[in-house]
Amino acid sequence: VLRNSMIPVVTYLGQDLGALMSGAMISETIFNVHGIGYLTYQSILKGEGNLVVSIVTLLMLIFVVCNLLVDMNPLRVSRGREQEMTEMNETNPSTVLPGQERYVAPLDETPLKAVDSMDESAPASNMWADAWRTLRKNPLFIISGLLIVFIVIVALFPALFTKQNPNYCTLDNSLEPASSGHPFGFDLQGCDVYSRVVYGTRTSLSVGVFATLLVVLLGTLIGAIAGFFGGWVDAVLSRLTDIFLAL
């Protein structure tokens with residue numbers, strides 16, 4: 001039991017290592033812990049590009065090696081061994097304990113017929129209709145949907161939310177606090193922060209949408225190739241994917 005229960009634990013730790021390494025920079029900086037995350041943050045601030053590249057390369061190699069070890073998890077039972085154990089149980093009845101014999105009850109003695117029965121008088125439905133009936137009753141879905149619609153409206157029609165020109169900057173307003181018509185104040189160059197946030201929503205939304213579409217297309221293509229060929233092709237593509245996840 002312990003062997004089987006450790007398989008998902010080891011797999012999760014290997015896959016979550018990238019998040020742990022990226023979170024180390026934040027936690028070590030906040031709590032002033034002089035670790036590799038703190039060193040990375042200080043190197044970025046000082047502009048030490050060579051050191052940053054070296055640290056990222058080291059972390060990437062650690063992440064790739066850990067995921068390789070997870071894929072080679074010795075806790076997993078190989079397919080051949082699993083098939084061998086199944087055949088042994090079927091051919092050698094002595095390995096089956098009393099009460100473990102396979103038994104299939106007649107259909108009339110089980111409630112499966114009533115459970116699996118279908119109401120043919122009900123109107124036809126599909127997967128999208130079933131999903132909509134479930135989601136529309138979920139408050140989190142309603143709130144999230146309204147927020148997404150609001151962000152899309154801001155991105156498409158920024159002039160409805162601000163009358164300020166985001167490109168108009170004057171040093172006379174440098175680092176001025178919030179005031180009437182400028183709720184977020186001004187930045188170092190004297191630009192209105194609120195108008196730049198509103199007009200920048202379009203760029204941020206476009207980058208997120210196109211990046212997601214690109215990831216879905218490439219991920220589907222790479223996954224299909226790896227699943228179709230398997231073997232060393234699957235291993236190589238998995239390691240390449242680990243490198244991008246580490247970055």
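All of these numbers come straight from a predicted model, not from anything done at the bench. (Residues numbered from 1 in each chain as written. Predicted model: local features only at pLDDT ≥ 70, side-chain atom pairs only at ≥ 80, totals over all residues. Heavy atoms only, no water.)

### Notes on the overall build of the protein
Phase 1: For the protein, the count of helices and strands is ten helices and zero strands.
Phase 2: Scanning the protein from its N terminus toward the C terminus, one meets helices and strands in the order α-α-α-α-α-α-α-α-α-α.
Phase 3: Within the protein, the fraction of its 247 residues that count as buried is 17%.
Phase 4: When contacts within the protein are restricted to residue pairs at least 6 apart in sequence, those whose partners lie at least 24 apart make up 44%.
Phase 5: As presented, the protein carries roughly 19100 Å² of accessible surface, and 68% of it is formed by carbon and sulfur atoms. (Helix = DSSP H or I, 4+ residues; strand = E, 2+ residues; numbered from the N terminus. Buried < 20%, exposed > 50% of the residue type's maximum accessible area, 1.4 Å probe, protein only. Contact = heavy atoms within 4.5 Å. Areas by Shrake-Rupley, 256 points an atom, 1.4 Å probe, with all protein chains shown as cover.)

### A word on the packing of aromatic side chains
Phase 1: Under the definition given, this model contains four aromatic pairs.
Phase 2: An angle of 85 degrees between the planes, with centres 5.7 Å apart, marks the rings of phenylalanine 150 and phenylalanine 161 as edge-to-face. Placement of phenylalanine 150 in helix 8 (residues 139-156) and of phenylalanine 161 in the loop between helix 8 and helix 9 (193-229) is noted, with a sequence separation of eleven residues between them.
Phase 3: For phenylalanine 161, a relative accessible area of 27% puts it in the partly exposed group.
Phase 4: Geometrically, the ring pair formed by phenylalanine 184 and tyrosine 194 is edge-to-face, given 5.4 Å between the ring centres and 80 degrees between the ring planes. With phenylalanine 184 in the loop between helix 8 and helix 9 and tyrosine 194 in helix 9, this pair connects stretches of sequence that are ten residues apart.
Phase 5: Owing to a relative accessible area of 48%, phenylalanine 184 belongs among the partly exposed residues under this scheme. (Phe/Tyr/Trp six-rings, centres within 6.5 Å; stacked < 30°, edge-to-face > 60°.)

### Observations regarding the environment of glycine 200
Phase 1: Looking at the secondary structure, you find glycine 200 in helix 9.
Phase 2: Each C-alpha atom of the pair glycine 200 and proline 158 lies 9.1 Å from the other, and the pair is 42 residues apart in sequence.

### Notes on the packing of helix 3 (residues 36-46) against helix 4 (residues 49-71)
Phase 1: Remark: helix 3 packs on helix 4, axes separated minimally by 9 Å, with the N-to-C direction vectors making an angle of 150 degrees. The interaxial crossing formed by helix 3 with helix 4 has left-handed handedness. Seen from helix 3, the contacting residues are Ile36, Leu39, Thr40, Ser43 and Ile44; seen from helix 4, they are Leu51, Val52, Ile55, Leu58 and Leu59.
Phase 2: Split into classes, the residues belonging to the contact of helix 3 with helix 4 amount to eight nonpolar, two polar and no charged. (Axes fitted to C-alpha atoms, helices over the stretch in contact; angles between N-to-C directions. Left-handed = near helix turned anticlockwise from the far one by under 90°. Nonpolar A, V, L, I, M, F, W, Y, C, P; charged D, E, K, R; others polar.)

### Points about the state of the cysteines
Phase 1: Under the definition given, this model contains one disulfide.
Phase 2: The partner cysteine of cysteine 169 in its disulfide is cysteine 191, sulfur to sulfur 1.7 Å. An S-S torsion of about 105 degrees defines the bridge between cysteine 169 and cysteine 191 as right-handed. Of this pair, cysteine 169 sits in the loop between helix 8 and helix 9 while cysteine 191 is found in the loop between helix 8 and helix 9, placing the two residues 22 residues apart along the sequence.
Phase 3: The class of cysteine 169 is partly exposed, set by a relative accessible area of 32%.
Phase 4: The class for cysteine 191 is buried, based on a relative accessible area of 4%. (Disulfide = S-S within 2.5 Å.)

### Focus on the confidence of the model for the protein
Phase 1: Of the residues in the protein, 77% have a pLDDT of 70 or more, and the chain-wide mean is 81.
Phase 2: Put simply, helix 5 (residues 79-91) is where the protein has its lowest mean pLDDT, 57, and helix 8 is where it has its highest, 94. (pLDDT = per-residue confidence, 0-100.)

### Considering the pattern of salt bridges
Phase 1: All chains considered together, the criterion is met by one salt bridge.
Phase 2: The partner of arginine 133 in a salt bridge is aspartate 130, with the nearest N and O atoms 2.1 Å apart. With a gap of three residues between them, arginine 133 and aspartate 130 both fall in helix 7 (residues 127-135), about one helical turn apart.
Phase 3: Exposure remark for aspartate 130: the relative accessible area of 36% places this residue in the partly exposed category. (Salt bridge = Lys/Arg side-chain N within 4 Å of Asp/Glu carboxyl O.)

### A closer look at the packing of helix 8 against helix 9
When two helices pack together, you describe them by how their axes are tilted relative to each other and by the distance separating the axes.
Phase 1: Contact pair helix 8 / helix 9: the axes reach a minimum separation of 7 Å and the direction vectors enclose 110 degrees. On the basis of their axis angle, the class for helix 8 and helix 9 is roughly perpendicular. The residues of helix 9 that touch helix 8, namely those facing Ile151, Val152, Val154, Ala155 and Leu156, are Val198, Thr201, Arg202 and Leu205.
Phase 2: Residues belonging to the contact of helix 8 with helix 9 are distributed by class as follows: seven nonpolar, one polar and one charged. (Parallel < 35°, antiparallel > 145°, perpendicular 65-115°, else oblique.)

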